[in-house]
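This is what each chain is made of:
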Amino acid sequence: MKKNNSNNSNKEIAIIGASIRFPKSNELNEFWEQLLSKECLITPIPRERFSKYTFSEESKSKLNFDNICGGFIDDVDCFDASFFNISPREAMFMDPQQRMAMELTWKAIEDAGYRASTIKGTKTGVFMGACNNDFTEIMEKEVKEIDAYMPTGTSAAVISNRISYWFDFNGPSMTIDTACASSLVAIHQAVRSLQMEDCDCAIAGGVNLCWTPRRFIALSQSGMLSKDGKCKAFDESADGYVRSEGGGVLVLKPLDKAVEDNDDIYAVIKGIGTNHGGRTNSLTITNPKAHAELLTEVYEKAGISPDTVSYIETHGPGTPLGDPIEIHGLKTAFDTLGKLFDKDLKHHHCGLGSVKTNIGHLEAAAGIAGIIKVIISMKHKTLPASINFKKLNPVINLSKSPFYIVNETKPWEQIQGDDNSCYPRRAGVSSFGFGGSNSHIILEEYDKGCKEDNKTYRGLVDNNIIEDLIFIPLSAKCINSLNNYVQNLMNYLKGLCVRFSNDGEKPSELNNRLKDIAYTLQTGREPMKERVIFITKDITSLINQLEDFLQNKRGIDNCWQGCADKDKDTDNILLEETDMQVLINKWISEKNFKKMAALWIRGYSFDWDILYSERKPKRIHLTTYPFNRKHYWMDCYNNKAGKKEKDTSEILKVKSMVSQNIVKTKEIKVSLEPVKDTNNKNVKASDKIQNDISLEKLQKKLTMSLAGVLYIEISDVDIDKKFIDIGLDSIIAVEWIRSINKQYKTSLTATVVYDYPSIREFSTYLYKKLNGSGEQAEKILMSESITDRYNNENVNKPKGILLQDLHKNPTQLLKSTVMNKPKITLNTIDTGLSQVCASKMPITETNEHKNITSDGLQRELAETLAEVLYIDLEEVNIDKKFIDLGLDSIVAVEWIRLINKKYKTSIIASEVYEYPSVKEFSSFLQKKLNVEGNKELIQSYEEMDLNRIIEDVYRGNLDIDKADEILNQASKK
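Residues numbered from 1 in each chain as written. Predicted model: local features only at pLDDT ≥ 70, side-chain atom pairs only at ≥ 80, totals over all residues. Heavy atoms only, no water.

Here's the deal with the packing of helix α16 (residues 479–502) against helix α18 (residues 539–550)
Move 1: Axis separation between α16 and α18 bottoms out at 10 Å; the angle between their running directions is 150 degrees. Classified by the angle between their axes, α16 and α18 sit roughly antiparallel to one another. Handedness of the α16/α18 crossing: left-handed. Where α16 approaches α18, its residues Asn483, Val486, Gln487, Leu489, Met490, Leu493, Lys494, Leu496 and Cys497 are matched on the opposing element by Ile539, Leu542, Ile543, Leu546, Glu547, Phe549 and Leu550.
Move 2: Partitioned by chemical class, the residues of the contact of α16 with α18 number twelve nonpolar, two polar and two charged. (Axes fitted to C-alpha atoms, helices over the stretch in contact; angles between N-to-C directions. Helix = DSSP H or I, 4+ residues; strand = E, 2+ residues; numbered from the N terminus. Parallel < 35°, antiparallel > 145°, perpendicular 65-115°, else oblique. Left-handed = near helix turned anticlockwise from the far one by under 90°. Contact = heavy atoms within 4.5 Å. Nonpolar A, V, L, I, M, F, W, Y, C, P; charged D, E, K, R; others polar.)

What follows is the structure in structure tokens.
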């Protein structure tokens, strides 16, 4: 039955988490301090950005390059690839906008007080705004060779899709480009999806990075950029906008659900809308009529009277034409709304500001920047000044309007109603795209009301030990990040003490906040490898402990540090205690918190909620994970690509292995000489026997080769770590296995890395394969053809014989060409050689798969299907319809192509609709292999001479019995 969502269209949405990366600001608290300081965060363009570009004299004169400024992100070419289990090779080809969005999403989820693992597999939607494709342009200019990661790395869709994939979100996932309105339109889509119950939670925001000078030149030539590098919104000297880069992400949830989950709420979205200006005098000019209509509609639907709105964060780009048009639209909208709500609007009750004066125009991320400014202003109950404002643009008339420019930082007072009650602080945020898209959102501060009484805590046991002692656990993936985490927490706590002191809060309130901090770190952060835990009683003591830790002091009281991976026998501690709840309660009653701390740093994660009664502390907004970013850029790839061929040949170099035995036939003796090594003429055949290669040596070779294809250090490859955690995905797995097959003369499929998912497991499997039943065939590494060896003085080469000629008189023909020479006949080759040759036939794979069992074929098809769908093999139900497994027409083409290549068939992709499950399709394929196998094989040899048949038998490409069958069939024609 279809859901009726008509009553949900105005459902209020809560903002419960946020993260940013703005010019000179990486945390919300840091950004707030920058706003209060009235500092302009605009700088000249970093020289290294465009150092490889050359400009014509005409471009230089028009651009005035030395005076072009913007807001730029530090270390934007860096990324914590290992945190996300992404290989350095893939990271190099990921648009940094993708990388930034990944990190911001993690931090936003943590800021909301959640572990990412707790929302894995949920209906969480991802909505990201992005409009720049500079990375694609710079890649085309700088990268010398095409790499398999380029399609996904340069796709705008993957900005959002990669987030959904990595975090395992199942809600809608989309990247939206409406130019400068992109992030606010993305949030609009997120809100609508939540209201229509298409998702239960949403990740929404935008990212924007400026890598090439193309847009700077074009916008400068059109006169749209500020000449002095300053955004002067609403000022008479406004002469253009300032390009900037950055990103922001919000975590959204229906308000009623957020209240139920006791989430820490930044603000409530009361209304949001978007429209387009239609046809105007110019594509890039905002239509004030459409702007006014949008605001009127949004406020009317939300039931928000204009007299209760005390601040508008304008689009405010600082252009001489754009600013007046926007103000005109605002005045028109509020005038209309006043009449609709029957309100006589007071003069100058609603402030106007633009964050672009501080950090520039973030283009695709402009809307999210405005929202961030508003929600932190609500938190601090303060309106920060719009800087660079001296005198109002004469085209703008604010007299007799409800608006005024916030040019000085001031307290954000609540508006008092007619009944002397105060309205919650309300604000609007506008964002316009230069192609005509408009978007506006209404935000309201969250009135916690009686929720603030959640400041009394009761311990699980009768005594007050838990009330007095507070556990502060911190963990990270590496020591460097752990140390930075400790530093960030210490800075946060010091700032918290200052704010509480300035606000006149009681010490008891500060300690209650410490309990919130502890609970957030316990339940809202993923436990990772490197760990430290502090047990403290108050914030002052904790700050001292953190300082001692950073100074590497030994013997810090109530501090334990450890590595979760070092003690893999952690569970042995619990052998005599099967009930963990009883054990923890026992330690609590015995006041033995050292054991709890020691257990946690060894890698055991227990339920922290057992330390609390039903009345638990709150999860709050807190400092988030400090990523350990490293440089990943195309210059690294070019350096590695230049060495790639040489490096991989050294890494995977395997001495050729040949048989030194004399192979006898029943009629004559034929000496098969060792094959020459074309790579190294000085290597003797005796040196090419590798049957004594050790497992340890094979592990080292595979480790080196894996490091080579992933562009990582050998020391970074843990032989027990899963391939997926090292960064090996299906794309590079194909390349790696191909190189292994080439060097070891195997025929492994890429799916083997899923069956043996670590170096230790895979090397053991390969070692057995190299030394197993097919050992001799694996060792014969042919580097010259058998025909060449027939040219030597001991064995004369037979004359060319076409199979088509054998029907004339095959016996006589063979006698005339072979019998007078040393006799070589197919049915007299030694049995031992035939067994070796029959063990592997890579060229004519129809033979190899002809007699495969039904179960075996189903297994192989399921493996390849799982590979192309990026799912676990266990998820492939052989009776389940392909469409239900996620196989669409695009991936079907890829899958059928793999099947045709593997089985030497010519199946068309539409067969998946005729045989729509693995079981049905395998039955169809098996029949096709059995019927066509012999026919295709014989046809392939119809124009081939006897030399080739003998050569293929010798190489192991053709079974000796099948060769006889070919000759017999040919003789009947």
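This is not the end of the story, as more comes after the structure.
Description of the sheet that holds strand β17 (residues 470–476)
Move 1: One open sheet accounts for three strands, arranged β17-β18-β19; its pairing is antiparallel. Each end of this open sheet is capped by a strand with a single partner; those strands are β17 and β19 (559–563). Mean inter-strand twist for the sheet, computed between neighbouring axes without regard to direction, equals 15 degrees.
Move 2: As judged from the five bridges shared by strand β18 (residues 530–536) and β19, these two strands associate in the antiparallel manner. Bridge assignment links valine 532 to a residue of β19, and that residue is glutamine 561.
Move 3: Relative to β17, helix α17 (residues 507–523) is tilted by about 40 degrees, and along the sheet it contacts β17 and β18. (Pairing = 2+ DSSP bridges.)

Observations regarding the side chain of glutamine 545
Move 1: Turning to its location among the elements, glutamine 545 is positioned in helix α18.
Move 2: Residue class for glutamine 545 comes out buried when judged on its relative accessible area of 8%.
Move 3: Only 2.9 Å separates the side chain of glutamine 545 from the backbone oxygen of aspartate 557, close enough to count as a polar contact.
Move 4: Those residues in contact with glutamine 545 that sit more than four places away from it in its chain are Phe534, Ile535, Thr536, Ile556, Asp557 and Asn558. (Buried < 20%, exposed > 50% of the residue type's maximum accessible area, 1.4 Å probe, protein only. Polar contact = N/O pair within 3.5 Å; in protein donor to acceptor, adjacent residues only side chain to side chain.)

Remarks on the nonpolar core
Move 1: Counting 110 residues, the largest nonpolar core has Leu706, Trp736 and Phe762 as the members making the most contacts within it.
Move 2: For this core, the element with the most residues is α16, which contributes nine residues.
Move 3: Not counting the four nearest positions on each side in its chain, leucine 706 is found in contact with Val717, Phe723, Ile726, Leu728, Trp736 and Ile759.
Move 4: Listed in part, the 50 residues of the second largest apolar core include Val191, Ala204, Leu252 and Val374. (Core = buried A, V, L, I, M, F, W, Y, C linked by side-chain atoms within 4.5 Å.)

So, the sheet that holds strand β8 (residues 246–254)
Move 1: A sheet is described by the order of its strands in space; here eleven strands give the open sequence β6-β5-β7-β8-β1-β9-β16-β15-β10-β11-β13, paired in mixed fashion. The open sheet is flanked by β6 (173–176) and β13 (403–405), the only strands paired with a single partner. The mean inter-strand angle of the sheet, taken between neighbouring strand axes irrespective of direction, is 25 degrees.
Move 2: Alignment of strand β10 (residues 311–313) against strand β11 (residues 350–353), held across three bridges, turns out to be parallel. Each residue of the ladder has a partner; that of tyrosine 311, found in β11, is glycine 351.

Here's the deal with the pairing of strand β1 (residues 13–21)
Move 1: Within β1, nine of the nine residues are buried, which leaves the element mostly enclosed by the surrounding structure.
Move 2: Here β1 runs beside strand β9 (residues 267–276); their pairing, made up of three bridges, is antiparallel. Residue pairing in the sheet places isoleucine 15 in a bridge with alanine 267 of β9.
Move 3: In terms of strand pairing, β1 meets β8 through eight bridges, oriented antiparallel. Each bridged residue has a counterpart across the sheet, and for glycine 17 the counterpart in β8 is valine 251.

Structural notes on unusual backbone geometry
Move 1: With a phi close to 60 degrees, lysine 38 is a non-glycine residue in the positive phi region.
Move 2: With respect to the helices and strands, lysine 38 occurs in the loop between α1 (28–36) and β2 (43–44).
Move 3: By relative accessible area, which is 35% here, lysine 38 ends up partly exposed.
Move 4: A positive phi angle, close to 65 degrees, is found at glutamate 197, a residue other than glycine.
Move 5: Note that glutamate 197 resides in the loop between α8 (182–195) and β7 (201–208).

Considering helix α12 (residues 322–340)
Because each turn of an α-helix spans 3.6 residues, side chains separated by three or four positions end up pointing in the same direction.
Move 1: With 19 residues, α12 extends 27 Å between its outermost C-alpha atoms, agreeing within 8% with the 27 Å of an ideal straight helix rising 1.5 Å per residue.
Move 2: Among the residues making up α12, those that are buried are Asp323, Pro324, Ile325, Glu326, Ile327, Gly329, Leu330, Ala333, Phe334, Leu337 and Gly338.
Move 3: Of the surrounding elements, those touching the buried residues of α12 are α11 (288–302), β10, β11, β13 and β15 (426–432).
Move 4: The first or second residue beyond α12 is aspartate 342, which carries a positive phi of 55 degrees. (Expected span 1.5 Å × (residues − 1).)

Focus: the environment of aspartate 755
Move 1: Position of aspartate 755 relative to the elements: it lies in helix α25 (residues 752–755).
Move 2: Among the residues examined, aspartate 755 registers a relative accessible area of 31% and is labelled partly exposed.
Move 3: C-alpha of aspartate 755 to C-alpha of tyrosine 765: the two residues are ten residues apart in sequence and 9.7 Å apart in space.
Move 4: Those residues in contact with aspartate 755, other than ones at most four positions away along the chain, are Arg859 and Glu863.
Move 5: Reaching out from aspartate 755, the side chain makes a polar contact with the side chain of arginine 859 at a distance of 3.5 Å.

Focus on the pattern of salt bridges
Move 1: Counted according to the given criterion, the structure contains 36 salt bridges.
Move 2: The shortest N-O distance in the salt bridge between lysine 270 and glutamate 12 comes to 2.2 Å. In this pair, lysine 270 is assigned in strand β9 and glutamate 12 in the segment before β1, connecting sequence segments 258 residues apart.
Move 3: Among the ionic pairs, arginine 619 bridges to aspartate 263, the shortest N-O distance being 3.2 Å. Placement of the pair is arginine 619 in the loop between α20 (593–601) and β20 (630–631) and aspartate 263 in the loop between α10 (255–260) and β9, with a sequence separation of 356 residues. (Salt bridge = Lys/Arg side-chain N within 4 Å of Asp/Glu carboxyl O.)

Things to note about the packing of aromatic side chains
Move 1: Going through the model one piece at a time under the given rule, you end up with 34 aromatic pairs.
Move 2: Aromatic side chains tryptophan 106 and phenylalanine 167 sit 6.2 Å apart centroid to centroid with 35 degrees between the ring planes, which places their arrangement in the tilted category. Note that tryptophan 106 is positioned in helix α4 (residues 96–111) and phenylalanine 167 in helix α7 (residues 157–167), a separation of 61 residues in sequence.
Move 3: Residue classification places tryptophan 106 among the buried positions, given a relative accessible area of 6%.
Move 4: Owing to a relative accessible area of 4%, phenylalanine 167 belongs among the buried residues under this scheme.
Move 5: Ring geometry for phenylalanine 723 against tryptophan 736: centres 5.5 Å apart, planes inclined by 75 degrees, an arrangement best described as edge-to-face. Note that phenylalanine 723 is positioned in helix α23 (residues 723–726) and tryptophan 736 in helix α24 (residues 730–744), a separation of 13 residues in sequence.
Move 6: Using a relative accessible area of 3% as the deciding quantity, one classes phenylalanine 723 as buried.
Move 7: Here tryptophan 736 falls in the buried class, since its relative accessible area comes to 0%.
Move 8: Members of the aromatic cluster, connected to one another through ring pairs, are Phe79, Phe83, Phe84, Trp106, Trp166, Phe167, Phe169, Tyr485, Tyr625 and Phe627. (Phe/Tyr/Trp six-rings, centres within 6.5 Å; stacked < 30°, edge-to-face > 60°.)

Any link to function would need more than the numbers given here.
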